[in-house]
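If you want the building blocks of each chain, they are given just below.
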Number of protein chains: 2
Amino acid sequence: MATPKTDKTLWSGPSANGRGIKADLRRRRPWYVSDWTDGWNAKTTASIFYMFFTSIAPAITFAELLDSETEGKIGVVEVCLSSCISGAIFSIFAGQPLCIVGVTGPVMILTITIYQLADALDINFLYFYSWAQIFAGVMHMLVAFLGWCDGIKYITNFSCHTFGLLIATIYAWTGIQSIIKYYTRSGPFDVALMQTIIALGCTLVASWLAKSRRWTIGNERVRVFVADYAPTMSIVVWTVISKVGRAENLGNGLPHVNVPRNFGTTSGRPWILAFYSLEAWAIVLALVPALIILVLFVFDHNVSSIMAQSKEFRLKKGSAYHLDFFVLGICIVVTGILGIPPCNGLIPQAPLHTKSLGVLRTERVNGRNVDVVEKTWEQRYTNLGQAVLTGVVLIRPLIVVLGWIPKSALDGLFLFMALESLPGNELWERVCLVVSEPSLRRSDSPWYSLDFPIITRFTRLQFSLAVVIFAVTQLPFVGMTFPLFIAALVLVRTKYLPKKYDARTLELIDPLIDLAQMDKTPSSADLLEASSHNPI
Amino acid sequence: MATPKTDKTLWSGPSANGRGIKADLRRRRPWYVSDWTDGWNAKTTASIFYMFFTSIAPAITFAELLDSETEGKIGVVEVCLSSCISGAIFSIFAGQPLCIVGVTGPVMILTITIYQLADALDINFLYFYSWAQIFAGVMHMLVAFLGWCDGIKYITNFSCHTFGLLIATIYAWTGIQSIIKYYTRSGPFDVALMQTIIALGCTLVASWLAKSRRWTIGNERVRVFVADYAPTMSIVVWTVISKVGRAENLGNGLPHVNVPRNFGTTSGRPWILAFYSLEAWAIVLALVPALIILVLFVFDHNVSSIMAQSKEFRLKKGSAYHLDFFVLGICIVVTGILGIPPCNGLIPQAPLHTKSLGVLRTERVNGRNVDVVEKTWEQRYTNLGQAVLTGVVLIRPLIVVLGWIPKSALDGLFLFMALESLPGNELWERVCLVVSEPSLRRSDSPWYSLDFPIITRFTRLQFSLAVVIFAVTQLPFVGMTFPLFIAALVLVRTKYLPKKYDARTLELIDPLIDLAQMDKTPSSADLLEASSHNPI
């Protein structure tokens with residue numbers, strides 16, 4: 001694939017046959033020593049704990065759902081260990097160590113459908129899951145070698161925001177289903193009621209705290225702190241409430257996060273799997289989920305990585321997209337052998353990480369004080385540190401504390417994540433605009449200058465596609481193919497839409513990313529701003 | 001008392017020795033026939049139902065608390081009947097029939113403390129309550145005869161908004177205490193949990209719907225409708241939830257509104273009380289609560305009435321403050337003989353009533369479309385209609401429907417009313433301003449041009465007074481005197497504050513009401529705007 005002429009520091013030029021990886025290595029090698037010696041200070045240490053806390057709450061949330069949906073095959077230990085191992089490998093060997101990796105919501109959804117498929121076909125889920133990841137890991141290395149990561153320039157907001165709304169819908173639906181299950185499963189009525197209070201209470205407290213950036217009380221440091229730790233604080237509050245007073249009378253009735261007594265797998269299985277004993281036909285079949293993981297990660301990991309390297313952060317040491325994708329492939333092979341979920345770049349944690357490392361200087365712009373980044377501490381120590389911390393919680397006595405968290409608080413967190421990911425999503429914004437009373441329609445997006453019927457028609461198409469893909473995720477077995485549909489949106493954008501809309505319309509409503517100028521387009525900055533509350 | 005020269009249509013000039021009442025009668029008599037023949041149309045009919053629904057939810061809420069605090073001596077039937085009888089008398093005989101009367105929160109609080117006093121002194125509560133009202137009613141007639149209602153010109157936002165914040169605090173505290181009682185009273189745990197869900201759910205749903213004016217979906221008619229009926233809708237929703245599914249398994253465990261099977265008193269006592277059989281010393285003692293009712297109503301009723309006659313409504317038929325207060329005295333004697341709570345002007349229902357009768361015309365002001373009142377249907381039919389409806393619900397089968405409402409939904413409504421009365425309260429606004437980060441302080445009030453330390457000092461004094469008065473309300477027996485403290489705030493404003501602050505400061509932070517220009521000052525319009533969401 002021929003690539004356009006682009007900014008050298010950000011993009012590596014023609015990159016097939018490993019040339020991309022080699023260029024990345026050449027660019028990053030001179031910095032490797034300084035990656036370990038730069039920035040040992042209070043700011044970077046704070047960043048380690050910040051990243052740990054903003055990642056751990058959603059990680060446990062996904063893990064807990066995986067635990068109940070895979071009958072204990074994957075649980076909290078597996079998810080945290082994966083973040084720890086992948087994070088450690090990535091922070092040491094990747095070219096760009098600012099990208100935080102972990103287990104994402106889409107991986108959780110994919111894992112559940114893979115489990116359902118294995119269960120229906122009566123094959124060993126963990127062996128099947130191992131093979132899928134081993135194949136996927138190898139495919140990652142191949143893609144990196146061939147330089148295909150360049151293809152991400154075709155990913156626009158059209159696919160990103162449809163993907164975002166899809167994930168938000170799945171989170172909301174997951175939370176609602178969990179609450180309904182309190183009542184449909186047999187059990188004492190007071191437990192069901194208590195769980196409802198904890199779940200919805202956790203959503204409300206987290207949502208309320210997350211809005212603290214807009215409060216006026218106290219000072220900005222405190223408000224930003226409260227907003228950043230909103231989900232963690234809400235979980236702590238509801239864990240305490242579930243422990244005090246008469247709530248404890250429910251005794252063992254109230255389900256808590258499932259953790260092993262000591263460090264070990266959730267199900268008690270050995271760590272290294274005998275995946276090689278899987279039937280040959282099933283091994284071949286594992287190529288299907290492998291390909292889906294690949295498509296998902298090409299999309300999801302690279303978008304996270306781009307956002308973590310946005311121009312506003314003024315990074316100096318250069319990017320390494322091809323090398324990073326190769327290292328990610330290694331991580332996936334390792335998690336595959338262990339039968340634990342694969343990791344990739346996290347949104348919004350990856351860009352939040354870079355942001356937390358910025359040294360700010362206040363400048364006077366148009367009469368207003370604006371904080372600009374003077375420099376960013378580019379180093380590997382914070383990424384490694386947060387990965388190690390995620391592993392440390394799996395050791396007694398910390399793992400016991402995790403076991404105090406009521407499951408229902410995590411169900412509430414799904415609703416919170418859904419609500420928090422809506423503002424800033426352009427598709428959602430346009431849907432709201434379409435159903436608004438005409439005289440009250442307001443938007444500061446560039447596409448608002450288009451004729452309204454065009455906005456309506458475009459939004460209707462995009463929303464219909466989102467609904468169709470959501471329907472696909474709800475189908476048994478076929479559900480796992482949803483990343484392919486997301487990838488297909490890129491084709492819709494590049495092949496179908498130009499036939500229906502003129503170039504100016506498309507440029508306004510969904511501009512293509514100019515890789516050289518990428519960080520100057522609103523899309524990347526908007527995404528970061530939009531997702532900064534969203535701890536997925 | 002000498003009165004300043006004022007607008008004749010609004011104020012009646014020197015009015016001692018019944019001259020005020022006579023002037024009122026002279027002004028309103030020519031309109032009396034048209035008061036019954038004007039405005040029989042769809043708008044006025046809609047207004048009847050609107051007033052009925054916005055008054056019935058808080059009325060039942062107060063009644064239900066009275067029921068539990070007076071051990072069934074006063075309940076839903078007594079409160080609704082009082083609104084019905086007082087509303088009918090007032091709408092037929094008062095000079096200004098636009099003012100809606102009913103049982104208010106302060107009357108509920110006063111009634112509870114009177115009950116506690118009677119209980120402690122071991123005298124018959126209902127007889128004592130009768131005498132207090134009979135005396136109060138006579139005092140009202142005397143005050144009207146002497147023209148003392150003119151004194152309300154000394155009532156400024158200083159006392160109004162301290163009163164408002166006090167009532168909001170009492171509502172919040174009442175709601176919180178009720179929720180705590182679910183757990184401290186012995187009873188099944190699942191009932192306590194279900195009541196918590198209903199109470200907080202009712203608060204949240206009502207608060208959410210009340211914000212619908214700011215939504216953009218649909219059209220304005222629908223949004224305003226939803227906002228106006230927010231508390232009623234929330235009660236309906238939670239009544240239905242308490243009736244469906246497994247919630248019904250709680251059976252009689254879930255407390256509902258206490259209503260008699262057929263029309264009759266809550267306790268089963270006869271309607272006419274033998275109040276004359278009370279001990280003589282207790283009859284004399286009843287003068288104390290009588291005086292307190294008088295002070296409260298001079299304040300509360302006249303403010304409601306002023307707001308219902310704001311200049312923006314362009315009323316033509318003239319006011320009748322003295323005559324109205326005389327008629328209110330008659331109402332109080334009647335409710336006293338029946339031993340049911342006394343009524344006075346309702347905020348915000350009274351101004352909302354006038355607003356609902358306005359015929360609007362859209363004008364272009366500064367390039368924006370503004371709705372202005374062209375005329376208002378001034379008549380007696382809507383006030384009488386809503387009063388009759390309030391009585392009709394006491395007859396089977398409607399009274400059975402009232403008995404379906406869970407008590408906990410009404411506890412939640414107290415929290416809602418507290419939350420809704422905060423925005424627009426200047427004391428609350430200034431408290432928020434004082435605790436805000438200096439760089440984020442914003443206000444469009446005129447007092448914001450003062451030096452900030454002055455605002456802080458003034459606010460600290462006013463807030464301290466509010467805290468002291470709240471503490472008084474929580475004391476046994478003495479609690480009932482809180483209206484005297486509110487009245488004392490008027491003295492603080494007129495005697496103490498001018499010694500501590502210069503005239504310009506006071507004019508900015510708390511302007512005196514110029515009765516002639518009253519409706520042009522921001523205070524009255526602000527109050528109406530501020531309280532338009534507040535169904536107290």
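What you see is a predicted model, and the numbers here were worked out from it, not measured in a lab. (Residues numbered from 1 in each chain as written. Chains lettered and ligands numbered in written order. Predicted model: local features only at pLDDT ≥ 70, side-chain atom pairs only at ≥ 80, totals over all residues. Heavy atoms only, no water.)

Draft legend 1. Structural view of helix H4 (residues 76-93) of chain A. For H4 of chain A, which comprises 18 residues, the first-to-last C-alpha distance of 26 Å matches the rise-based estimate of 26 Å (1.5 Å per residue) to within 8%. Of all 18 residues that make up H4 of chain A, 14 are buried, and the element is covered over most of its length. (Helix = DSSP H or I, 4+ residues; strand = E, 2+ residues; numbered from the N terminus. Expected span 1.5 Å × (residues − 1). Buried < 20%, exposed > 50% of the residue type's maximum accessible area, 1.4 Å probe, protein only.)

Draft legend 2. Representation of the pattern of salt bridges in the model. All chains considered together, the criterion is met by 18 salt bridges over all chains. Among the ionic pairs, aspartate 24 of chain A bridges to arginine 27 of chain A, the shortest N-O distance being 3.4 Å. Here the residue aspartate 24 of chain A and the residue arginine 27 of chain A both occupy positions in helix H1 (residues 19-28), the gap between them amounting to three residues, near one helical turn. A salt bridge links glutamate 64 of chain B to lysine 407 of chain B, with the nearest nitrogen and oxygen atoms 3.4 Å apart. With glutamate 64 of chain B in helix H3 (residues 42-69) and lysine 407 of chain B in helix H17 (residues 407-421), this residue pair connects regions lying 343 residues apart in the sequence. Here glutamate 64 of chain B falls in the buried class, since its relative accessible area comes to 5%. One connected set of salt bridges, linked through shared partners, spans Arg28, Asp35, Asp38, Lys317 and Arg380 of chain A. (Salt bridge = Lys/Arg side-chain N within 4 Å of Asp/Glu carboxyl O.)

Draft legend 3. Spatial organisation of the packing of aromatic side chains. All names here are of chain A. A complete count under the given rule lists 38 aromatic pairs over all chains for this structure. Ring centres of tyrosine 32 and tryptophan 36 lie 6.5 Å apart, and the angle between their planes is 70°; this geometry places the pair in the edge-to-face category. In this pair, tyrosine 32 and tryptophan 36 are both assigned in helix H2 (residues 32-37), four residues apart and thus about one turn of the helix distant. Among the residues examined, tryptophan 36 registers a relative accessible area of 27% and is labelled partly exposed. Cluster of aromatic residues (ring-pair linked, three or more members): Tyr50, Phe52, Phe53, Phe225 and Tyr229. The side chain of lysine 375 reaches across the aromatic face of tryptophan 377, ending 3.9 Å from its centre. Over the ring of tryptophan 447 we find arginine 430, and its NZ or CZ is 5.5 Å from the ring centre. (Phe/Tyr/Trp six-rings, centres within 6.5 Å; stacked < 30°, edge-to-face > 60°. Lys NZ or Arg CZ within 6 Å of the ring centre and 35° of its normal.)

Draft legend 4. A look at the confidence of the model for chain A. All names here are of chain A. Summarising the model, chain A shows a mean pLDDT of 85, and 90% of its residues fall at 70 or more. The secondary structure element of chain A with the lowest average pLDDT is helix H22 (residues 522-531), at 41, and the one with the highest is strand S1 (residues 101-102), at 96. Counting interchain partners and residues more than four positions distant, the pLDDT-below-50 stretch residues 1-13 has 34 contacts. As a predicted assembly, this complex carries a pTM of 0.83 together with an ipTM value of 0.80. (pLDDT = per-residue confidence, 0-100. Contact = heavy atoms within 4.5 Å.)

Draft legend 5. Representation of the packing of helix H19 (residues 452-473) of chain A against helix H20 (residues 482-500) of chain A in the model. Residues and elements named next belong to chain A. The geometry of H19 relative to H20 is characterised by a closest axis approach of 10 Å and an angle of 160° between their N-to-C directions. As the angle between them shows, H19 and H20 are arranged roughly antiparallel. The crossing of H19 and H20 is right-handed. Between H19, through Phe458, Leu461, Leu465, Ile469, Val472 and Thr473, and H20, the contact on the second element is made entirely by Phe482, Phe485, Ile486, Leu489, Val492, Tyr496 and Leu497. When grouped by side-chain class, the residues that make up the contact of H19 with H20 number 12 nonpolar, one polar and no charged. (Axes fitted to C-alpha atoms, helices over the stretch in contact; angles between N-to-C directions. Parallel < 35°, antiparallel > 145°, perpendicular 65-115°, else oblique. Left-handed = near helix turned anticlockwise from the far one by under 90°. Nonpolar A, V, L, I, M, F, W, Y, C, P; charged D, E, K, R; others polar.)

Draft legend 6. Quick peek at H19 of chain A. A rise of 1.5 Å per residue sets the reference length of H19 of chain A, with its 22 residues, at 32 Å; its end C-alpha atoms lie 31 Å apart and thus fit the reference within 8%. Against the buried residues of H19 of chain A lie helix H7 (157-184), helix H18 (426-435), H20 and helix H21 (503-509) of chain A.

Draft legend 7. Representation of the interface of chain A and chain B within the structure. With 25 residues of chain A at the contact, the number on the chain B side is 25 residues. Across the contact surface, chain A and chain B share two salt bridges. Of the charged contacts in the structure, one is a salt bridge between glutamate 437 of chain A and arginine 223 of chain B, with a shortest N-O distance of 2.8 Å. On the surface where chain A and chain B come into contact, there are eight residue pairs in polar contact (both at pLDDT 80 or more). Residue assignment for the side of chain A that touches chain B shows that the elements contributing at least two residues are helix H8 (189-210) and helix H9 (220-228) of chain A. Looking at the side of chain A that touches chain B, the element that brings in the most residues is H8 of chain A, giving seven residues. (Polar contact = N/O pair within 3.5 Å; in protein donor to acceptor, adjacent residues only side chain to side chain.)

Draft legend 8. Focus on the relation of the copies chain A and chain B. Under the fitted operation, chain A is carried onto chain B by 0.1 Å of movement along the axis and a turn of 180°, and the coordinates agree to an RMSD of 0.0 Å. In short, the pair behaves as if placed about a two-fold rotation axis. Ranked by how close their C-alpha atoms come to the rotation axis, the residues of chain A are headed by aspartate 190 of chain A, at 2.2 Å. When the interface residues of chain A are mapped onto chain B, 100% of them again lie at the interface, so the same face is used by both copies. (Least-squares fit on C-alpha atoms with pLDDT ≥ 70 in both.)

Draft legend 9. Layout of a positive patch on the surface. Residues and elements named next belong to chain A. Residues Arg19, Lys22, Arg26 and Arg29 make up a contiguous surface patch of positive charge. Looking at the element boundaries, arginine 26 is found in helix H1. Overall, the relative accessible area of 56% leaves arginine 26 in the exposed class. (Patch = residues over 30% accessible without salt bridge, like charges linked within 9 Å, V, L, I, M, F, W, Y side chains within 5 Å. Areas by Shrake-Rupley, 256 points an atom, 1.4 Å probe, with all protein chains shown as cover. Lys, Arg positive; Asp, Glu negative; His and termini not counted. Charge placed at Lys NZ, Arg CZ, Asp CG, Glu CD.)

Draft legend 10. Main features of the packing of helix H18 (residues 426-434) of chain B against helix H19 (residues 452-473) of chain B. Residue and element names in this part refer to chain B. Here H18 crosses H19 at 125°, and the two axes come no closer than 9 Å. Regarding the angle of H18 to H19, the classification is oblique. H18 and H19 meet at a crossing whose hand is left-handed. Between H18 and H19, the residues in contact are Leu427, Arg430, Val431, Leu433 and Val434 and Phe452, Ile455, Thr456, Phe458, Thr459, Gln462, Phe463 and Ala466, respectively. Its residues placed into classes, the contact of H18 with H19 shows nine nonpolar, three polar and one charged.

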